[in-house]
Amino acid sequence: MPSLTLTFLGGLRITHTQQGEISLSNRKALALLAYLFVESETPHSRETILGLLWPHLPDADARNNLRVTWAQLTARLGQDDLGAPFVISNRLDLQFNVHSRAWRDVAEFAQLLSDCHAHATAHETRRTCAECQARLARMAELYRGEFLAGLSLNDCPAFDEWQMMQRERLHLQAIEALDDLAHFHEQAGDNASATRYARRQIELDPLRENAHRQLMRLLDKLGQRTAALEQFERCKRLLADELGVEPEPETLLLAARIRNSMAGPGESNRHNLPVPLTRFLGRAQEIAGLAQQLTDAHTRLITLTGSGGVGKTRLALRTAQEVLDVFADGVWLVELAALSDPQSIERAVASALGMREQAGVTMVQMLSNVVRDKQMLLIVDNCEHLLSVCVTLISQLLAAAPRLRVLTTSRSPLQIEGEVVYRVPSLAVPNSKYGAALSVESLMDYEAIQFFVQRAGASQKDFALNAANALAVQQICYRLDGIPLALELAAARLKVMPVETIAQRLDSRFKLLTSGNPAALPRQRTLQALVEWSYNLLSDPEQALLRRLAVFVGGWTLEAVEAICARDNESPLLDQLFNLVNHSLVMFGQDPQHKRYSLLESIRQYAHEQLLLAAKDVAASERHARYYVQLVSDAETQANTSAHQQALDQVESDYENILAALGWAIHHDVDLAFTLAIRLGGRLQFWELRGHFEEGRRWLAQLLEATQEKRSAACAKILLHAAWMERARPDYNKALAYAGRSAVLYTALGDACGELDAQLFYADIWSLCGETDKSHALALICLRQSEHLGYKPALARALYELGVCESQRQNTGLAQQYLERSIQLWREIGDKYQLAEPLNGLAAELDSQGEDDRALILYEELEAIHRELGYERGLALTQSNVGCLLLKQGDFERAKTLFVAGLIIRRKMGLLRGYVYSLLNFASLAEKQNLPQRAARLFGAAEALREKIGLSAESVYIDTYANEFAHIRAMLGDTRFNLEWARGRGLTAEQAVDIALQD
């Protein structure tokens, strides 16, 4: 497996197995890397490089620039997993190290072509050789775009000339490969694959007439003769516009032959569909399904519904092109978007069918007579603003013509008997909720990303998706809900601002997205006009409900909307909600359980603006906050019962609403905010059990910042919750600061139990930091005080802390006694979450004493508790500990499986403290498998991370690994051991995790 992967085709991308994706901001460093890695056969003199990259600088300045650039390049690239550098140099030359483990797409591309040439003696032409065609298919896959797309050096003519020569050579080789592939598949009868390769040729070279001709011929064979003639017209227009020439005679003859072969007179005028100006992306399954339904004798009417700008019209037109040959009497488009007079609909249909009014005959009678015996598809586009008239006319036409099919687009269904309603979804988007960026390759699997990149290329010719802008593009597509029109408006802004700025300004999207296509309808030129059009079609009660729904974030249940949005003296709320769903403004059933309602974010923002303008609706936010405080309070009553996880699931499903409620309460009702935060972090343990440490930390800090002067038991409790959140990060200094403030406040309030809770937190942190004596002394004091007060939770906690301290002192018997008493108390209290810690402590203690069977029984109970609570962090700890026990028994494979499972959970949750334990586990495994180099590196990484986050050596039992350290040092020798240890210490946490998870 290569350690370094470089792709030059379609833009330069560098990926290292340990470092991840490497970005180089220095364009000269990129150019130097490209030159060395492509021209890899020989070394290159420093003078050659200077002339290539710094031709206009004095020699001394140029040499200094080369030294700096070379240092940056070697530092960023590093070495492969065997320690070999990727680039090497001496006093005279620079060179790519051909013995390093690096993969380059251009090298594989060249090798495949060379193999085809070498195989030429085995056949007359590679167009007939399946073996060569497989190589060419791989070449086509590798050629993602032009060589070093997006990289140019204006002051380096020699480099530009080299780059251009490489670009043209590779471009021509790719097109020739595609040409051969198309011919091979055509001869094999696989016209669909041949068509794909012909289209790809045209994408790479729109003026390649041979490819246009090839595609026309293939479309004709597939029975898509209209599409073949449309391809001819595109070819003809391109040649005229770009070259000022007519198509070749061969192309003209092919077009004439296709035209003459079309059945029936006037076939070339069997539809009035517009020629698409841009490539249609995605929706393949939807198109296939709709096309199949339109040919079903039992389906007479299909209505495409969906929110404004979602692409209903384009989907209808693309589907219509697929079924052109099915309808003997044609496919006809009737566009209603620009009409406002209901009486004009009949004339619009007549005009689309090429009819003129007849004296003495009503328009409806005339239309019915014309379509009566026709096998025809009628597309009626944008019905929503003239719905009742459309319903009447379409019903009459369907009744008169049994072979007529109608495909309509509307933001609400027509509700005609037999109507099939298809709700058009937004384009698929990656989830950017937590801001994690996907790779460029992964992003391009999403339709919304593909669409945005295509439209962005129209606004900014050199735009390309890359590692630098991937997160911004991902966030734009996610926050605009994958709505094509919104994405198109956003892409148009690239003419005046970077993509990162667009992403940052989406909170003001209605001011930002205002420059649409001037040829489009007015409502499609800005995002605000698009949403406003739908809003104005609603009745007053429906508008009022939509405004109130803006208080919800991330969806809601029917019970929630009835509690928060219902009003006296208004039409029934269910009827209004039903109408909003019908108008495609509210979505229903998008969640896995198909029980929740939601708004697209753009509609929610617009509705929220209207809510702020409607003073009579301001109480909706307060009702929303109080409803979700009560929901969390009800969930807390299920804590430590069999329904605990179900209660957590309920809170999780409404988590975004709960955070919105907390945000409102912080600014408007602090006591309500305290209540909500205490319920989330108290017995329910939501933030801890569901791994929302960072969000819990931020919200608690924000609440405490807003209430610095408040002195109450609730405030003291929130301070202690905040301390536990910081412990999880871990940030022990901040955790102790919060706990200290909590203790002072509890003391001032005379709350002895609360003061004990805060002091026991101190004892816990001290033991984690290796201050065992301080922790033990404080825990002993807390033990006596809790016994005096009869405060069982503090007593159980004190016993646990004492057990941990005695374990660190290696007083095994005493440690077990304390831990067993703590377990007994937590069982009596009935708190499974708190029970888990002493259970784990006792299991680990038994494990260390060789009592594996007893330890496994406790670990099994622990796993059952964690699974019952849905506690992934605890599950990862248990998997890690059981893995260590299996490792000790020599069961390496099962141990590794558990280590991997635990580390994957810890990575997902960002648990740095957990990383330390996992890295130690994997290092120990490597030592047992006689992989000393890997073991030393992972031990070094674990030690560096432990020091960085402030974990004591005692808390991770470093001394238990002493024999393993000695063993790998003996195997490697001091020099090699120290080198690998140092390399491990130099890794980032994520790089170390990558190494650990490698096979």
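Residues numbered from 1 in each chain as written. Predicted model: local features only at pLDDT ≥ 70, side-chain atom pairs only at ≥ 80, totals over all residues. Heavy atoms only, no water.

## A look at the packing of helix α33 (residues 713–728) against helix α35 (residues 752–768)
Part 1: The interhelical angle for the contact between α33 and α35, taken along N-to-C directions, is 15 degrees, at an axis separation of 11 Å. Overall, the two elements α33 and α35 adopt an arrangement that is roughly parallel. Between α33 and α35 the crossing geometry is left-handed. Contact residues: α33 offers L720, A723, W724 and R727, while α35 offers D757, A758, F761, D764, I765 and L768.
Part 2: Residue classes in the contact of α33 with α35 are distributed as seven nonpolar, no polar and three charged. (Axes fitted to C-alpha atoms, helices over the stretch in contact; angles between N-to-C directions. Helix = DSSP H or I, 4+ residues; strand = E, 2+ residues; numbered from the N terminus. Parallel < 35°, antiparallel > 145°, perpendicular 65-115°, else oblique. Left-handed = near helix turned anticlockwise from the far one by under 90°. Contact = heavy atoms within 4.5 Å. Nonpolar A, V, L, I, M, F, W, Y, C, P; charged D, E, K, R; others polar.)

## Observations concerning the packing of aromatic side chains
Part 1: Counted by the stated rule, this structure contains 21 aromatic pairs.
Part 2: Note on Y627 and Y628: the rings are 4.9 Å apart at their centroids and 85 degrees apart in plane angle, and the pair reads as edge-to-face.
Part 3: Look at Y628 and you get buried, because its relative accessible area is 0%.
Part 4: These aromatic residues form a ring-pair network of at least three members: F552, W556, F588, Y597, Y627 and Y628.
Part 5: When the ring centre of Y197 is taken as origin, the NZ or CZ atom of R196, which lies over that ring, is 5.1 Å away. (Phe/Tyr/Trp six-rings, centres within 6.5 Å; stacked < 30°, edge-to-face > 60°. Buried < 20%, exposed > 50% of the residue type's maximum accessible area, 1.4 Å probe, protein only. Lys NZ or Arg CZ within 6 Å of the ring centre and 35° of its normal.)

## Comments concerning the environment of W162
Part 1: Along the chain, the position of W162 falls in helix α6 (residues 157–187).
Part 2: In this structure the C-alpha to C-alpha distance between W162 and Q214, which are 52 residues apart in sequence, comes to 33 Å.

## What to know about the environment of V68
Part 1: Note that V68 resides in helix α3 (residues 59–77).
Part 2: V68 sits in the partly exposed class, given a relative accessible area of 41%.
Part 3: Put simply, V68 and A291 are 223 residues apart on the chain and 61 Å apart in space, counted from C-alpha to C-alpha.

## A look at the pattern of salt bridges
Part 1: In total, this model carries 56 salt bridges according to the counting rule given.
Part 2: Here D59 makes a salt bridge to R63, at a shortest N to O gap of 3.0 Å. Remark: R63 and D59 occur in helix α3; sequence separation between them is four residues, near one turn of the helix.
Part 3: By relative accessible area, R63 is classed as partly exposed at 29%.
Part 4: The salt bridge involving E868 is made with K832; its shortest N-O contact spans 2.9 Å. With E868 in helix α40 (residues 852–869) and K832 in helix α39 (residues 832–848), this pair connects stretches of sequence that are 36 residues apart.
Part 5: On the basis of relative accessible area, E868 is assigned to the partly exposed category, the value being 27%.
Part 6: Counted as one network, the salt bridges with shared partners bring together R727, D764, R797, E801 and E837. (Salt bridge = Lys/Arg side-chain N within 4 Å of Asp/Glu carboxyl O.)

## Examining the nonpolar core
Part 1: Counting 179 residues, the largest nonpolar core has F452, I476, L549, F552 and W556 as its most contacted members.
Part 2: Excluding anything up to four places from it in sequence, F452 contacts F463, V473, I476, C477, L487, A490, A491, L494 and V499.
Part 3: If you look at the next biggest cluster of nonpolar residues, it comprises 57 residues, including L6, L153, C156 and A182. (Core = buried A, V, L, I, M, F, W, Y, C linked by side-chain atoms within 4.5 Å.)

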